[in-house]
Amino acid sequence: MELDEAPAAAHWDPGPGWQWRFWAIFTGQALSLIGSALTQFVLLWWITDTTGSVSTLATAGMAALLPQALLGSLGGTLADRYSRRLLMIAADGVSALCMLVLITLFLTGRVELWHVYAMMFIRSAMQAFQSPAAAASTAMLVPRGFLSRVAGLNQTLLGLMTVAAAPLGAIAISILPIGLALGIDVLTALLGIAPLLVFRIPQPVAPEGGRTGLWTEFREGVRLVWSHPGLRPLYALLGVVVLVIMPSYTLVQLLVKQHFAGGAKEVALMEGLAGIAMIASGLAVTALAPRRHVRWVLWGFAVSCFALALTALAPGHFFWLAVAGWGASAATYILGNAPLAALLQTTIPNHLQGRVLSLLSTVTGLAAPVGLAVATPIGELIGVRWLFVLQGVLGGCLSLMGFWSPGLLSLDRQASPGRG
């Protein structure tokens, strides 16, 4: 099917009937993401149950995260250069084929640990192409005024995945062999592809001058961020905050075990309630459609970090207080992260969105393992509880420092006036 072509304007008018197209594609991609999250749980549980080794789980985590971080900028550049719709179809299709290979290995009893690592690696690499293509397509599918609501919907979906992935995965492997349980991911991938075969996604036309090489186009995205008085401090701030805060999401199980004398059930309770809080916040952003995006981002991230510190400050016999703090941190994170997506989509020219949005994913994706490497010796020195407190206070203060950046605050003036 031929693509529509749209000029590289600040925002493309999707025209009449955009609702059917958007909701069909959004629903298909949502089902595909839920299937992928369920599969991730099933595979990690198989590794845990088979090996019981921290190092094998860490290796699986690297296989699932690093390819997306390293290839994200390439995926974003391709999303701006070629058909975003076809990139999404190809990425989901390759992921489904990988899962079919893994299903065959499980059902024939020939699966090895390295097979699982390899498939997780390839799926992560495909996500590096699918994610920027999907994110950049949003601004071509909905009116400008609906972008904040879409951001809220995406964060609601993130919360739903957090709540549903573990129990759905547990149910699947309790009633099906792992090989058949993985078939759910194939089905949801096909459901994600189906609307893309029916509906068009308009592709922006690059400004006059034509296409250049991939490296040149990638540098164009980097130059936009580096030369922009608002985007440069925003990217720097987010990278530093992620570096400081991200280790807490890996070490929360250790905090529950050591400080609150809890186990897997307590961790599941914290994560489940945090997911519910994320859903509520995502729905709130969808309803409110905030306009002053930068202030929501800075306050949301700051309060989320301070709530993280309060989680660890709770006395060991007041676990319920830690659950409340963790839930508050998750809820306010969404209140900041959802407007961030809308802010970028209304600031960045659409023909550059793929590479500029993926550049942020690369910055934050690489900051996470660096932060974990820095935090590990500090945690061994002061203990995991005080490491959480240090991370939360430092992350909150860094977020508030954004209010001292005139360039960062100026990004709000590019949004339409309105409430929020």
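Before any of the text, the structure's been laid out above.
Residues numbered from 1 in each chain as written. Predicted model: local features only at pLDDT ≥ 70, side-chain atom pairs only at ≥ 80, totals over all residues. Heavy atoms only, no water.

Participant: Go over the overall build of the protein, please, and point to the residues and values.
Facilitator: When helices and strands are counted, the protein shows 16 helices and two strands. Burial status across the protein gives 51% buried among its 420 residues. In the protein, the share of contacts with a sequence separation of at least 24, taken over all contacts with a separation of at least 6, comes to 89%. Within the structure as shown, the protein displays about 18,500 Å² of accessible surface, and the carbon and sulfur contribution to it stands at 72%. (Helix = DSSP H or I, 4+ residues; strand = E, 2+ residues; numbered from the N terminus. Buried < 20%, exposed > 50% of the residue type's maximum accessible area, 1.4 Å probe, protein only. Contact = heavy atoms within 4.5 Å. Areas by Shrake-Rupley, 256 points an atom, 1.4 Å probe, with all protein chains shown as cover.)

Participant: Any chance you could break down the pattern of salt bridges for me, citing the residues and the numbers?
Facilitator: The tally for this structure, following the rule as stated, stands at one salt bridge. Linking Asp185 and Arg123 is a salt bridge whose minimum nitrogen-to-oxygen distance equals 2.5 Å. With Asp185 in helix α7 (residues 183-198) and Arg123 in helix α4 (residues 113-141), this residue pair connects regions lying 62 residues apart in the sequence. Assigned by exposure class, Asp185 and Arg123 land together as buried. (Salt bridge = Lys/Arg side-chain N within 4 Å of Asp/Glu carboxyl O.)

Participant: Help me get a handle on the packing of aromatic side chains, residues and values and all.
Facilitator: Tallying each qualifying case throughout the model produces eight aromatic pairs. Judged by centre distance (5.4 Å) and plane angle (50°), the ring pair of Trp299 and Phe403 falls under tilted. With Trp299 in helix α12 (residues 293-313) and Phe403 in the loop between α15 (384-400) and α16 (406-409), the pair connects residues that are 104 residues apart, well separated along the chain. Judged by relative accessible area, which is 25%, Phe403 ranks as partly exposed. Members of the aromatic cluster, joined through ring pairs, are Phe22, Trp23 and Phe26. Sitting over the face of the ring of Trp226, Arg232 holds its NZ or CZ atom 5.0 Å from the ring centroid. One residue, Arg385, lies across the ring of Trp386, its end atom 5.0 Å from the ring centre. (Phe/Tyr/Trp six-rings, centres within 6.5 Å; stacked < 30°, edge-to-face > 60°. Lys NZ or Arg CZ within 6 Å of the ring centre and 35° of its normal.)

Participant: Can you break down the packing of helix α3 (residues 84-107) against α7 residue by residue, with the values?
Facilitator: Two numbers describe how α3 lies on α7: the axes approach to 9 Å, and their chain directions differ by 160°. Looking at the two axes, α3 sits roughly antiparallel to α7. Considering the relative orientation of α3 and α7, their crossing is left-handed. The segment α3 lies against α7, with Arg85, Met88, Ile89, Asp92, Gly93, Ala96, Met99, Leu100 and Ile103 engaging Gly183, Asp185, Val186, Ala189, Gly192, Ile193, Leu196 and Leu197. (Axes fitted to C-alpha atoms, helices over the stretch in contact; angles between N-to-C directions. Parallel < 35°, antiparallel > 145°, perpendicular 65-115°, else oblique. Left-handed = near helix turned anticlockwise from the far one by under 90°.)

Participant: Tell me about the nonpolar core, and please be specific about residues and values.
Facilitator: Within the largest apolar cluster, 49 residues are counted, with the highest numbers of intra-cluster contacts made by Leu231, Leu234, Tyr235, Leu344, Ile348 and Phe388. Elements supplying a minimum of two residues to this core: α8 (214-227), α9 (231-245), α10 (247-258), α11 (264-288), α12, α13 (319-347), α14 (353-382) and α15. Considering each element in turn, this core owes the most residues, nine residues, to α13. Of all hydrophobic cores here, the second largest spans 24 residues; its members include Ala79, Met88, Met126 and Phe129. (Core = buried A, V, L, I, M, F, W, Y, C linked by side-chain atoms within 4.5 Å.)

Participant: Report on the packing of α4 against α14, specifying residues and quantitative values.
Facilitator: In contact at an axis separation of 9 Å, α4 and α14 are set at 125° when each is read in the N-to-C sense. Our classification of the angle between α4 and α14 gives oblique. Read as a crossing pair, α4 and α14 show a hand that is right-handed. In this structure, α4 uses Pro132, Ala135, Ala136 and Ala139 to contact α14, whose residues at the interface are Gln353, Gly354, Leu357 and Ser358. When its residues are assigned to classes, the contact of α4 with α14 shows five nonpolar, three polar and no charged. (Nonpolar A, V, L, I, M, F, W, Y, C, P; charged D, E, K, R; others polar.)

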